[in-house]
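Architecture at a glance
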Amino acid sequence: MKTLVSWSSGKDSAWMVHTLRQRGDEIGALLTTINEPAQRVAMHAVRVEVLKAQAEALGFPLWIVPIPSPCPNEVYEEAMRHVVARAVGEGFTHAAFGDLFLGDIRRYREERLAGSGLTPLFPLFGTDADTPQLARTMIAAGLRARITCLNPKVMDRGFAGREFDTALLDELPASIDPCAERGEFHTCAYAGPMFNHPVAVETGMTVERDGYVFTDLCITPSASSV
């Protein structure tokens with residue numbers, strides 16, 4: 001069993017890596033799609049240099065798949081077909097995803113991987129009733145992350161750049177899933193039991209574009225010069 005992990009750069013992906021390691025699964029590589037023009041993780045808007053620092057701190061090879069922005073679905077699926085073929089050719093048997101409870105997303109992944117040679121894994125799936133507890137479990141275990149993107153149509157812009165911690169959870173409106181499974185916000189994980197060492201990041205500017213609010217995270221200058 002050799003697993004390719006779908007790595008978004010966020011807290012759920014980080015917790016999935018922790019879960020897989022606790023189970024004793026072999027993780028062979030991380031897979032991340034990036035917005036090619038911006039050189040940032042798709043949706044999360046995390047810089048590629050931060051993404052690479054995460055992979056180094058986790059101790060896994062990183063497979064970066066550049067996609068255009070906007071990206072037509074057929075272009076995305078063609079890119080994924082190439083990734084799947086590469087993974088099968090390199091002996092991977094499974095692909096792991098950090099989805100929590102959205103059944104349509106799970107079915108989409110299962111359908112696309114059917115007959116491909118890769119078996120989909122959903123180590124965190126089925127926690128829809130327990131995401132408030134899951135969020136607090138992550139934090140209590142030492143997972144550290146910050147909000148890098150949020151949808152201002154569903155939550156206040158003031159949450160942009162906030163630490164994913166118990167204070168944040170206490171302030172979130174009841175309409176917001178604490179793990180943001182419906183896309184209310186996205187995070188960048190930088191420390192926790194899944195990392196061999198923390199990723200040294202600092203919070204930069206917050207901007208609004210394309211209907212979302214983004215907060216930049218940068219590698220701290222002292223860390224990048226070591």
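These numbers were taken from a predicted model, which means no experiment stands behind them.

**Considering the packing of aromatic side chains**
One pass over the full model with this rule turns up 5 aromatic pairs. Each ring, one from Trp-63 and one from Phe-92, has its centre 5.3 Å from the other, and the planes form 75°; the classification is edge-to-face. Residue Trp-63 is found in strand E4 (residues 62-67), and its partner Phe-92 is found in the loop between helix H3 (73-89) and strand E5 (94-96); the two are separated by 29 residues along the sequence. For Phe-92, a relative accessible area of 4% translates into the label buried. Between the aromatic rings of Tyr-212 and Phe-214, the centroid separation amounts to 6.3 Å while the plane-to-plane angle is 45°, which identifies the pairing as tilted. On the basis of relative accessible area, Tyr-212 is assigned to the partly exposed category, the value being 27%. Ring-pair connections join several aromatic residues into one group, and the members of that group are Phe-97, Phe-122 and Phe-125.

**Considerations on the pairing of strand E10 (residues 212-219)**
Note that strand E7 (residues 144-150) and E10 share 2 bridges and pair antiparallel. Each residue of the ladder has a partner; that of Leu-150, found in E10, is Val-213. Sheet topology note: the strand E9 (residues 201-209)/E10 ladder contains 7 bridges and is antiparallel. Considered in E10, the bridge of Val-207 is made with Phe-214. Counting the residues in the hairpin turn of E9 and E10 gives 2 residues, including Asp-210, whose phi is positive at 55°.

**A short note on the side chain of Thr-19**
Relative to the helices and strands, Thr-19 resides in helix H1 (residues 11-23). In contact with Thr-19, other than residues within four places in its own chain, are Pro-123 and Leu-124.

**Overview of the nonpolar core**
If you look at the biggest cluster of nonpolar residues, it comprises 54 residues, and the most contacted ones within it are Phe-164 and Phe-185. Mapped by element, the contributors of at least two residues to this core are H1, strand E2 (27-35), helix H2 (48-58), helix H5 (131-140), E7, helix H6 (166-171), strand E8 (185-191) and E10. For this core, the element with the highest residue contribution is H2, accounting for 7 residues. In this structure, Phe-185 is in contact with Lys-11, Ile-147, Cys-149, Leu-150, Met-155, Phe-164, Leu-172, Ile-176, Asp-177, Pro-178, Cys-179 and Ala-180, ignoring residues within four places of it in sequence. Among the nonpolar cores identified, the runner-up in size contains 17 residues, and Ala-29, Ala-95, Leu-113 and Phe-122 belong to it.

**Description of the packing of H3 against helix H4 (residues 103-113)**
At a minimum axis distance of 11 Å, the contact between H3 and H4 shows a crossing angle of 55°. Considered as vectors, H3 and H4 are oriented oblique to each other. Between H3 and H4 the crossing geometry is right-handed. Between H3 and H4, the contacting residues are Asn-73, Tyr-76, Glu-77 and Val-84 on the first element and Tyr-108, Arg-112 and Leu-113 on the second. For the contact of H3 with H4, a count of residues per class yields 4 nonpolar, 1 polar and 2 charged.

**Describing the packing of H1 against H5**
It is at 11 Å that the axes of H1 and H5 come closest, and there the two elements cross at 70°. With respect to their mutual orientation, H1 and H5 come out roughly perpendicular. Together, Lys-11, Asp-12 and Trp-15 of H1 and Leu-134, Thr-137 and Met-138 of H5 make up the contact between the two elements. Grouping the constituent residues of the contact of H1 with H5 by class yields 3 nonpolar, 1 polar and 2 charged.

The rules behind each value
- All residue numbers refer to positions counted from 1 along the written sequence of the respective chain.
- Only residues with pLDDT of at least 70 get local features here, since the model is predicted, and only at 80 or more are side-chain atom pairs given and counted; chain-wide, interface and lining totals rely on the full set of residues.
- Water and hydrogen atoms were dropped before computing side-chain values, which therefore reflect all heavy atoms in the structure.
- Working definition: a ring pair exists when centres of Phe, Tyr or Trp rings (six-membered ring for Trp) sit within 6.5 Å. Plane angles under 30 degrees give stacked, over 60 give edge-to-face, the rest tilted.
- Secondary structure elements follow DSSP: runs of H or I of four or more residues count as helices, runs of E of two or more count as strands, with numbering from the N terminus.
- Only protein chains enter the accessibility calculation, which uses a 1.4 Å probe; a residue whose area is less than 20% of its type maximum is buried, one above 50% is exposed, and one in between is partly exposed.
- In this analysis, strands are considered paired if DSSP registers two or more bridges between them.
- By definition in these notes, contact holds between two residues if any of their heavy atoms fall within 4.5 Å.
- Joining through side-chain atoms within 4.5 Å is the link that ties buried Ala, Val, Leu, Ile, Met, Phe, Trp, Tyr and Cys residues into a set, and such a set is a nonpolar core.
- To get an axis, a line is fitted to the C-alpha atoms, and for a helix only the part in contact is used. The angle between two axes follows their N-to-C directions and goes from 0 to 180 degrees.
- Reported orientations rely on four angle classes, namely roughly parallel under 35 degrees, roughly antiparallel over 145, roughly perpendicular from 65 to 115, and oblique for the rest.
- Note: crossing handedness is left-handed where the near helix turns anticlockwise from the far helix by less than a right angle, and right-handed where it turns clockwise.
- Side-chain classes follow a simple rule in which Ala, Val, Leu, Ile, Met, Phe, Trp, Tyr, Cys and Pro form the nonpolar group, Asp, Glu, Lys and Arg form the charged group, and the remainder, Gly included, forms the polar group.

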